[in-house]
Structure formats: structure tokens, C-alpha cells
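Residues per chain, in single letters:
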Amino acid sequence: MFMLIMAAVFPLACGLIVPLLKNIQSRKAKLSLVLAMQVIETVFCALIIFSEAMSTGVIKITDVITLGFSSDMLAKFFLGIICIGWLLVLLYACVYMKHEKNEERFFSFMLLSEGAMVGAALSSGLVSMYVFYEFVTLFSAPLVIHSLSKESVAAAKKYLYYSVAGAFAALFGIFVLAGECSLDFSAGGNLESASPLVLSAVFVMCIGFGAKAGMFPLHGWLPTAHPVAPAPASALLSAIIAKAGVLAIIRTVFFTVGAKVLFGTWVQTALLCLCLLTVLMGSMMAYREKVFKKRLAYSTVSQISYVLCGLFLFTESGVEGALLQILFHAIVKVGLFLCCGAVIYLYGKTTVDEIHGMGRKMPVTFFCFTLLSLSLIGIPPTGGFISKWYLASASLEASMGVFSWLVPAVLLASALLTAGYLLSISIHAFFPSEGSAQTMEIRKEPVLMLIPIVLLAVLSLAGGLFAAPVTEFIGRIASSVM
């Protein structure tokens, strides 16, 4: 019980302490302290992950509204992604933030955001999760606004408007569900049947929480926020923080209401249509986009809706494919944004038209970028192929009428577009057209920047080459969800 509380409270406390480190003159000493804080948090998370399921005493605010923590298999899954992702990005940020001002503030809100994400993952009820979900928005917005430029302020406002509006829509659904069933999480859900009001509430909640996940129609903040945020912040926002919305949808559909009462309803049809529209729209917008980070942001809009497509099949195999996509997308998208950040850090290049010939100056970074891109496209033997195979198979196996073949068809079309907007970068980087090669001096990537990039690229490949233990583990989680 103590460990669950500490996992959420410790990074929050550290986030409040970090601004006090501004008085320390040695940057190396400050960064060592921040890294030590993150390592301790990672140890807390690891102890929870490798321990038996735990739960804290539930604080009853009313008979319906309760607060508490628990560590079921889904919580441990998200906990692992959060702590490893934050550790690698923080290691990278120790170098990247050298050329940014107010880095103490950045590290402060980075740790605060982690604490909120951990709290949301470990929450044992819908109210607890909603509270931490709101904190995720409030603590991550300063990461977007970090530079205090006119563009970053506007982007942060847009992020807040979309996220808060979505959260308020979800809150309406919570009010409705509070009168129909328990808000404490229970695998399989708490309802045997759903009234028209409950169905409408679930639909509104999925749209609201979908704002964080970048699902149409509340997706607009992602491509606006990412180009102006520092690269480490973009990596966390795109790969992990955006999945707070996915976590909330899983907890709502599978642990509060119950997928069985939603299967075959208009809610399922409408949500699948929105997801497929988002997948195609995000891919097409990414294909046309010239700003490097904005292209990756549109990619996130598309790729996270792959996850939602699997979830909204409301089958165990669909959940398994969705969880695999959550895992491999997190690995790949953190790596891609860190590669992009390395180019910005060393050469200040921000558009894809400026990276011609850059692969010859940064061969390790662009080799890793290419490998990560292959995984995001879904080319074997990478991990991304495994997740997309499971998603397509789950759809073909489901009794969903037109969606049984439409989902794989849309995923295939999106994969082709993904190949177009990612592999074109690698081709121009390594094989520039005649006369377009860059003549600037060669600058070496700092080791602390390369370590996370190389490690993530290796993980994206290893996840496909040694898929059996990964799919077996994810399969157990999917069974526990249903």
C-alpha cells in the first residue's frame, strides 16, 4: 500500500523541489539530483510491477465517489511504459535542455506530469482517475509553453481548451454513470445492460477522453503543440501523455460499464467510424506536412487511433492488438521525436526539406530513425508489424459486418501513407539529389542523446524478433481486462 502511494506522490514532491535547485551553481550537480529522483521513482514503479497486485484503503467521499489506488495488470503495463519512457527522455533532456532557458522549470513540470500519469494509471476508480487525468493536463501544459514565445503560448492555450473541454464532456458521463453503477473499477464492467442515456454518456465520455488521444474531432491540439514544445516534451506528449486518454477510455469501457453491453450498439459503430476517419486523416495530413515535428504529430493522431480501433472492437483479441500498439507506438514515437530533436539541437533544421544529406553527418541518428520508421509502418520483423498484424486479425475475426474488412483496409492504406511520409525523410537524408547535399561541418551527437535513441531502436526491432514472450504477456493483460 505504501509503495502505491509513494509511486504517485514521490515525483509530485520532486517536481515541487526541483525549482529550489536553481540556487545550485553546478549544472552537473543539479542534473545528477534530478536523475537520482527519476531513478528512485523507477525503482518504486519496478517494485510495484514485480509484486503481487496491491490496493490501498479506499477513501469514501460519498457512497458513490471514492478515491484509492490499486495495481492490477493493466496498471502495471502503463506504469512500465511511463517510468521507462520518462527515464530515457530525462537522460536525453540533460543534454538537449542545455540550449534552453529555465530548465529547472522544465524538469519540475516533467516530474509533476509523471506523478499525475502514475496516479491515473494506479487509480482504482473512475473519480480517482479523473482527478489525476486533469492534473496530467495542467502539469503538461507548461511543457508546451516552455519557450514563452507567442506561438508556444497560443499552442498551450489550444491544448488546454481542447483537453479541458474533453474532460468536462467526460465529467458529464461520470455524473450519469454515478446514478447507474459503481464507479470503482471491476474487470468486465459493472452493468448488465445499458439504457439509451448510459449509451449516450459512454459515447460522450469516449469523445471527451479521446481529445487527449488525438481522436477526431478534438485532435487539433496535437499538431499545434508539438512543433513549439522542446523535443523531450514532444516525445512525452506524443508517445505517453496522449495515452492518458486511451487509459481513461479503457477504464470507462472495460472496467466501469462493460464491453459486452456496448457490443453491437450505435456507440460502437459511431466510435469505429470516427477512429477510421482519424487514422486516414492523420496519415494524409502527415504526408503533406513539411515541418518535421508537425509531421510526427499528425502521425501520432493517426497511430493512436489504431489503438482505439482495436479497443472499440470490444473483443479480447482487439484489446490485445491495442495494447501491443500502445507499447510499440510508445517505443517508436519517443525515438522518432528524439531523433528529430537531435537534428534541431545540432543543426537547427526544423523542416523535412532541410535534412537532405543529413544522414551522412548523423549516420547513427538517421539509421535509428529509419529502423523506428519501419516499425511504425509495420514492416516485419519489427515490433510494429506484430501490433498491426494483431489488430487486422482481430478485426477479421470479429463479427462486425463491413468493419471486419474495412478496418484492415484502412490500416493498410494508412501504412502506405506512413511509408511515404517517413521513408522519404530517410531517403533524402542518405541519398540527397545532386547538388542538394549539405556542406556544413559534421557535428557529433552527444553520447547521452544517442543512448536513448539507439536503445529505443533496438527495442523496436527486438519486439518483433522476440515477439513470443511479449505477446504472451500482453495476452494475459487482455484476458484480465475482459
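Residues numbered from 1 in each chain as written. Predicted model: local features only at pLDDT ≥ 70, side-chain atom pairs only at ≥ 80, totals over all residues. Heavy atoms only, no water.

### As for the nonpolar core
- Core analysis: the biggest nonpolar cluster contains 176 residues, and Phe 107, Ile 250, Phe 254 and Phe 312 have the highest contact counts within it.
- For this core, the element with the most residues is helix H13 (residues 316-347), which contributes 21 residues.
- When neighbours within four sequence positions are excluded, Phe 254 is seen to be in contact with Ser 186, Ala 187, Gly 188, Gly 189, Ile 249, Ala 259, Leu 311, Phe 314, Val 319, Val 481 and Met 482. (Core = buried A, V, L, I, M, F, W, Y, C linked by side-chain atoms within 4.5 Å. Buried < 20%, exposed > 50% of the residue type's maximum accessible area, 1.4 Å probe, protein only. Helix = DSSP H or I, 4+ residues; strand = E, 2+ residues; numbered from the N terminus. Contact = heavy atoms within 4.5 Å.)

### As for the layout of surface pockets
- The calculated volume of the largest pocket comes to roughly 530 Å³.
- Residue lining of the largest pocket: 22 residues in total, with Ile 81, Ile 84, Leu 327, Ile 331 and Leu 459 positioned closest to the centre.
- Of all elements in the fold, only helix H3 (73-96), H13, helix H17 (447-465) and helix H18 (467-481) reach the threshold of two or more residues within the lining of the largest pocket.
- Sorting elements by how many residues they give to the lining of the largest pocket places H3 first, with 7 residues.
- Residues belonging to the lining of the largest pocket are distributed by class as follows: 18 nonpolar, 3 polar and 1 charged. (1 Å grid on protein atoms, 1.4 Å probe; cavity = no way out; pocket = protein on both sides within 12 Å on 5 of 7 lines; lining within 4 Å. Points joined across faces, edges and corners; volume = space filled by probe spheres on them. Nonpolar A, V, L, I, M, F, W, Y, C, P; charged D, E, K, R; others polar.)

### A look at empty space enclosed by the protein
- The final tally for this structure, using the stated rule, is 2 cavities of 30 Å³ or more.
- Estimates place the volume of the largest cavity at around 50 Å³.
- Residue lining of the largest cavity: Val 18, Leu 21, Lys 30, Leu 31, Val 34, Glu 103, Glu 104 and Phe 107, and that is the complete set.
- Every element with two or more residues in the lining of the largest cavity is listed here: helix H2 (27-49) and helix H4 (103-122).
- For the lining of the largest cavity, the class distribution of residues is 5 nonpolar, no polar and 3 charged.
- Considered as a void within the structure, the second largest cavity measures approximately 30 Å³ in volume.
- In terms of lining residues, the second largest cavity is bounded by Phe 78, Ile 81, Ile 82, Met 117, Ala 239, Ile 240 and Lys 243.
- When residues of the lining of the second largest cavity are traced back to their parent elements, those giving at least two are H3 and helix H9 (231-241).

### Brief notes about the packing of H4 against helix H5 (residues 126-144)
- Where H4 meets H5, the axes come as close as 8 Å, and the angle between the chain directions of the two elements is 160°. By the criterion of interaxial angle, the relationship of H4 to H5 is roughly antiparallel. The two elements H4 and H5 cross, and the hand of that crossing is left-handed. On the side of H4, the interface is formed by Phe 106, Phe 109, Met 110, Leu 112, Ser 113, Gly 115, Ala 116, Met 117, Gly 119 and Ala 120, while H5 contributes Met 129, Phe 132, Tyr 133, Phe 135, Val 136, Phe 139, Ser 140, Pro 142 and Leu 143.
- Looking at side-chain class alone, the contact of H4 with H5 contains 15 nonpolar, 4 polar and no charged residues. (Axes fitted to C-alpha atoms, helices over the stretch in contact; angles between N-to-C directions. Parallel < 35°, antiparallel > 145°, perpendicular 65-115°, else oblique. Left-handed = near helix turned anticlockwise from the far one by under 90°.)

### Let's talk about the pattern of salt bridges
- The final tally for this structure, using the stated rule, is 4 salt bridges.
- Residue Arg 27 is joined to Glu 103 by a salt bridge in which the shortest nitrogen-to-oxygen separation is 2.8 Å. Pair noted here: Arg 27 is in helix H2 and Glu 103 is in helix H4, with a separation of 76 residues, a long-range link.
- Judged by its relative accessible area of 10%, Glu 103 falls in the buried class. (Salt bridge = Lys/Arg side-chain N within 4 Å of Asp/Glu carboxyl O.)

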